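Spelled out, the chains give:
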Amino acid sequence: MLRAVRPSFPILALTAILALFPLTPALAQPAEDAPRLHELKFDWARDGVITGSAAVLWISSEVLFKSDLAPATCRWCDRAPDGTDRLNQLDRWGRGLAGNTEASRHRAGHWSNIIGFGVLPAGVMGLQYAVGRGSDSPNRFFAQDATIILESAMLATLANQTVKFLVGRERPFVHVLPEDQKRLTDQPSDNNLSFYSGHTNLAFSLVVSAGTVAALRGYENQAWIWAVGLPLATSVGLLRMGADKHYLTDVATGAVMGAAFGVAVPLLLHGRTGGVESSAARRSPTAARLMPVAGARMAGFSGVF
């Protein structure tokens, strides 16, 4: 018959250590366990203040003070002092996308608003939640990811608004009007805010920030954000050109600036902290705490070595 073997002192000491202290992630899971999600730097107070302040400044400048801040006459008019048209060849070529009738231009502007302010933001946020959930981490979306994306978008939008007011470029549809009709548009305070495209800037900041956050986290299926988001963001820019609201250079600059904020804000303010969480730990938070019990049994506390 087998008799119980009393565990030696080193084994008892090791068991006690395992029971008293939690194991490191590397010991609590097999090496092949993947993927590992990364923790990002995040501070509710700091990021809440930044996002909220940028949103308040943008909304107030758009709703309350736009007529005072927007230039009444163009500073960048694309015309010589004698009235000669000096629009560059690239923007002249890009204007070919503008609708031929007022109805078609209105339709393009309408859809740019629907996609840019509705479909795309909802789609990006939905995809971000979906890829987080697919990596067993849906709570990160509500706790951090959504705020980082909004923070990127609000900072990009505030920068865009500031440049618009300072540059004062005349919009394409205003550029072709006779001088005595330019003040008769539906929104005269909006006539000289062509550079650079706010719709395109917002669209690309949302898509690129979501993709950057997903990449920093290490989410599975993150490619869906880029595959769906980038074509949608591009369509917003094309529709703004179709509405005759922006030139090609306005839209291209909006895409570049929005993408720059979408990359810079997550990387500079929310880089990886170095902490990781395995898929096993996400599925079973108690797994690491159960490991010392298994270690104790292996060490001989079951009575048979």
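Remember, it's a predicted structure, so these values are computed and weren't measured experimentally.

The next point concerns the overall build of the protein. Looking only at helices and strands, the protein features 13 helices and 2 strands. Relative to its 305 residues, the protein shows a buried fraction of 41%. If you take every contact in the protein between residues at least 6 apart in sequence, the share linking residues at least 24 apart comes to 85%. Accessible area for the protein stands at about 16,300 Å²; split by element, carbon and sulfur atoms hold 66% of it.

So, about the pattern of salt bridges. Counted by the stated rule, this structure contains 13 salt bridges. A salt bridge links Asp244 to Arg95, with the nearest nitrogen and oxygen atoms 2.7 Å apart. Here Asp244, found in the loop between α10 (223–242) and α11 (248–269), pairs with Arg95, found in the loop between α5 (89–94) and α6 (102–134); they are 149 residues apart in sequence, far enough to count as distant. Taking the shortest distance from any N to any O, the salt bridge between Glu179 and Lys182 comes out at 3.5 Å. Look at Glu179 and you get exposed, because its relative accessible area is 61%.

This part covers the packing of α6 against α10. Two elements in contact, α6 and α10, have axes whose closest approach is 8 Å; the angle formed by their N-to-C orientations is 165 degrees. Accordingly, the angle class assigned to the pair α6 and α10 is roughly antiparallel. Where α6 crosses over α10, the two elements pack in a sense that is left-handed. The segment α6 lies against α10, with Arg105, Ala108, Gly109, Trp111, Ser112, Asn113, Ile115, Gly116, Leu120, Leu127, Gln128 and Val131 engaging Trp224, Ile225, Val228, Gly229, Leu232, Ala233, Ser235, Val236, Leu239, Arg240 and Gly242. Of the residues in the contact of α6 with α10, the class split is 13 nonpolar, 8 polar and 2 charged.

Considering only enclosed or pocket space, the largest pocket measures out at about 1,100 Å³ in volume. Contributing to the lining of the largest pocket are 35 residues, with Phe173, Gln187, Asp190, Arg240 and Lys245 lying nearest its centre. Looking at the lining of the largest pocket, the elements with two or more residues in it are α3 (44–63), α6, α7 (139–167) and α9 (198–217). Here the lining of the largest pocket gets 7 residues from one element, more than from any other, and that element is α6. Class assignment of the residues belonging to the lining of the largest pocket gives a composition of 9 nonpolar, 15 polar and 11 charged. Considered as a void within the structure, the second largest pocket measures approximately 300 Å³ in volume. Looking at the second largest pocket, it is lined by 15 residues, and the ones nearest its centre are Ala72, Thr73, Cys74, Glu179 and Lys182. Each residue belonging to the lining of the second largest pocket can be placed in one class, and the counts come to 6 nonpolar, 4 polar and 5 charged.

Applying the stated criterion across every chain yields a total of 1 disulfide. The disulfide partner of Cys74 is Cys77, and the gap between their sulfur atoms is 1.9 Å. Here Cys74 and Cys77 share a disulfide; its torsion about the S-S bond, 105 degrees, makes the bridge right-handed.

Grouped together as the largest cluster of nonpolar side chains are 22 residues, with contacts concentrated most on Leu120, Leu206 and Ala233. Contributing elements (two or more residues each) for this core: α6, α7, α9 and α10. One finds Leu40, Phe42, Ile148 and Val213 within the second-largest nonpolar core, a separate group that totals 5 residues.

Another aspect to go through is the environment of Ala98. Inspection of the secondary structure assignment puts Ala98 in the loop between α5 and α6. Remark: the alpha-carbon pair of Ala98 and Leu239, spanning 141 residues in sequence, is separated by 8.5 Å. Setting aside anything within four residues of it in sequence, one finds Ala98 in contact with Met241, Gly242 and Asp244.

Once that is clear, we can look at the side chain of Arg169. Looking at the element boundaries, Arg169 is found in the loop between α7 and α8 (172–175). At 2.9 Å, the side chain of Arg169 and the side chain of Thr249 are in polar contact.

Let us now look at the packing of aromatic side chains. Aromatic ring pairs: the centre-centre distance and the angle between the two ring planes describe each pair. Applying the stated criterion to the full structure yields 6 aromatic pairs. Clustering of aromatic rings is evident, with ring pairs tying together Trp76, Phe195 and Tyr196. Just above the ring of Trp76 sits the side chain of Arg169; from NZ or CZ to the centre is 4.0 Å.

Reading the values: rules and limits
Residues numbered from 1 in each chain as written. Predicted model: local features only at pLDDT ≥ 70, side-chain atom pairs only at ≥ 80, totals over all residues. Heavy atoms only, no water. Helix = DSSP H or I, 4+ residues; strand = E, 2+ residues; numbered from the N terminus. Buried < 20%, exposed > 50% of the residue type's maximum accessible area, 1.4 Å probe, protein only. Contact = heavy atoms within 4.5 Å. Areas by Shrake-Rupley, 256 points an atom, 1.4 Å probe, with all protein chains shown as cover. Salt bridge = Lys/Arg side-chain N within 4 Å of Asp/Glu carboxyl O. Axes fitted to C-alpha atoms, helices over the stretch in contact; angles between N-to-C directions. Parallel < 35°, antiparallel > 145°, perpendicular 65-115°, else oblique. Left-handed = near helix turned anticlockwise from the far one by under 90°. Nonpolar A, V, L, I, M, F, W, Y, C, P; charged D, E, K, R; others polar. 1 Å grid on protein atoms, 1.4 Å probe; cavity = no way out; pocket = protein on both sides within 12 Å on 5 of 7 lines; lining within 4 Å. Points joined across faces, edges and corners; volume = space filled by probe spheres on them. Disulfide = S-S within 2.5 Å. Core = buried A, V, L, I, M, F, W, Y, C linked by side-chain atoms within 4.5 Å. Polar contact = N/O pair within 3.5 Å; in protein donor to acceptor, adjacent residues only side chain to side chain. Phe/Tyr/Trp six-rings, centres within 6.5 Å; stacked < 30°, edge-to-face > 60°. Lys NZ or Arg CZ within 6 Å of the ring centre and 35° of its normal.

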